[in-house]
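Each chain, written out:
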Amino acid sequence: QVQLVESGGGLVQTGGSLRLSCAASVRTVNIPVMGWFRQAPGKEREFVGGINWSGGSTYYGDSVAGRFTISRDNAKNTVYLEMNSLKPEDTAVYYCAANWVVGDIRKTPTEYDLWGQGTQVTVSS
């Protein structure tokens with residue numbers, strides 16, 4: 001069974017950093033696009049960023065551009081989300097997702113085929 005498992009969430013102060021990991025049970029080199037999303041209570045799921053299969057192309061949501069960085073290590077079948085300069089408004093459950101359709105990095109949750117269970121990130125003020 002194909003699975004994605006996120007880890008690395010936790011509580012951090014404003015201005016701090018966290019690195020989330022998303023481990024896949026399949027070879028990530030075969031997954032054209034991996035994305036990160038987040039969802040805060042009472043809000044819709046928001047696109048954080050995405051990365052293509054090689055790691056050569058990334059795309060970020062406006063609210064995190066310049067602060068967050070996505071990378072992938074296909075040898076470890078893992079995708080990472082490095083989060084810096086964290087703000088209280090970054091508090092949410094963070095999800096990784098996989099898209100098996102070759103093409104541009106998608107921003108819409110419904111375009112992703114597989115999701116992890118999520119990891120909580122809380123930024124205190």
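Enquirer: Describe in detail the sheet that holds strand S7 (residues 68-73), supporting the description with residues and values.
Expert: As summarised here, the arrangement of the four strands in space is S1-S3-S8-S7, forming an open sheet in which the pairing is antiparallel. Each of the sheet's edge strands pairs with one partner strand only, and the pair in question is strand S1 (4-7) and S7. The average undirected angle you get between the axes of adjacent strands in this sheet is 15°. Direction of pairing for strand S3 (residues 18-24) relative to strand S8 (residues 78-83): antiparallel, over a ladder of six bridges. Pairing of arginine 19 across the sheet is with glutamate 82, part of S8.

Enquirer: I'd like a description of the side chain of arginine 38, backed by residues and values.
Expert: Relative to the helices and strands, arginine 38 is located in strand S4 (residues 33-39). Of the residues examined, arginine 38 reaches a relative accessible area of 5% and is grouped as buried. Polar contacts involving the side chain of arginine 38 include one to the side chain of aspartate 90, which spans 2.8 Å. Residues contacting arginine 38, with those up to four places away along its chain left out, are Glu44, Arg45, Glu46, Val48, Ser63, Val64, Phe68, Glu89, Asp90, Ala92, Val93 and Tyr94.

Enquirer: Explain the state of the cysteines to me, and be specific about the residues and the numbers.
Expert: A full pass over the atoms with the stated rule returns one disulfide. Two residues, cysteine 22 and cysteine 96, share a disulfide whose sulfurs are 2.0 Å apart. Looking down the S-S bond of the cysteine 22 and cysteine 96 bridge, the torsion is 60°, so its handedness is right-handed. Placement of cysteine 22 in strand S3 and of cysteine 96 in strand S9 (residues 92-99) is noted, with a sequence separation of 74 residues between them. Cysteine 96 carries the same exposure label as cysteine 22, and that label is buried.

Enquirer: So, the environment of glutamate 89: which residues are in play, and what are the values?
Expert: Inspection of the secondary structure assignment puts glutamate 89 in the loop between S8 and S9. Given the relative accessible area of 55%, glutamate 89 is considered exposed. As for glutamate 89 and serine 124, which are separated by 35 residues in sequence, their C-alpha atoms are 9.4 Å apart.

Enquirer: Describe unusual backbone geometry, naming the residues involved and giving the relevant values.
Expert: At asparagine 77, a residue that is not glycine, the phi angle is positive and equals roughly 55°. The topology assignment puts asparagine 77 in the loop between S7 and S8. With a phi angle near 50°, serine 85 is a residue other than glycine that sits in the positive phi range. Mapped onto the secondary structure, serine 85 falls in the loop between S8 and S9.

Enquirer: Describe the nonpolar core, naming the residues involved and giving the relevant values.
Expert: In this structure, Leu4, Met34, Trp36, Phe68, Leu81, Met83 and Tyr94 are the most contacted members of the largest nonpolar core, which totals 27 residues. Excluding residues within four positions of it along the chain, methionine 83 makes contact with Gly16, Ser17, Leu18, Leu20, Arg67, Phe68, Tyr94 and Val121. In this structure, Val33, Phe37, Ala97 and Tyr112 belong to the second largest nonpolar core, which totals six residues.

Enquirer: Talk me through the packing of aromatic side chains; I want residue IDs and the actual numbers.
Expert: Overall, the coordinates contain six aromatic pairs when judged by the stated rule. Every member of this aromatic cluster is reached through a ring pair, and the members are Phe37, Phe47, Tyr59, Tyr95, Tyr112 and Trp115. A cation over an aromatic ring shows up here: arginine 45 above the ring of tyrosine 95, its NZ or CZ 3.9 Å from the ring centre. Lying over the aromatic face of tryptophan 115, arginine 45 brings its terminal NZ or CZ to 4.7 Å of the ring centre.

The rules behind these values
Residues numbered from 1 in each chain as written. Predicted model: local features only at pLDDT ≥ 70, side-chain atom pairs only at ≥ 80, totals over all residues. Heavy atoms only, no water. Pairing = 2+ DSSP bridges. Helix = DSSP H or I, 4+ residues; strand = E, 2+ residues; numbered from the N terminus. Axes fitted to C-alpha atoms, helices over the stretch in contact; angles between N-to-C directions. Buried < 20%, exposed > 50% of the residue type's maximum accessible area, 1.4 Å probe, protein only. Polar contact = N/O pair within 3.5 Å; in protein donor to acceptor, adjacent residues only side chain to side chain. Contact = heavy atoms within 4.5 Å. Disulfide = S-S within 2.5 Å. Core = buried A, V, L, I, M, F, W, Y, C linked by side-chain atoms within 4.5 Å. Phe/Tyr/Trp six-rings, centres within 6.5 Å; stacked < 30°, edge-to-face > 60°. Lys NZ or Arg CZ within 6 Å of the ring centre and 35° of its normal.

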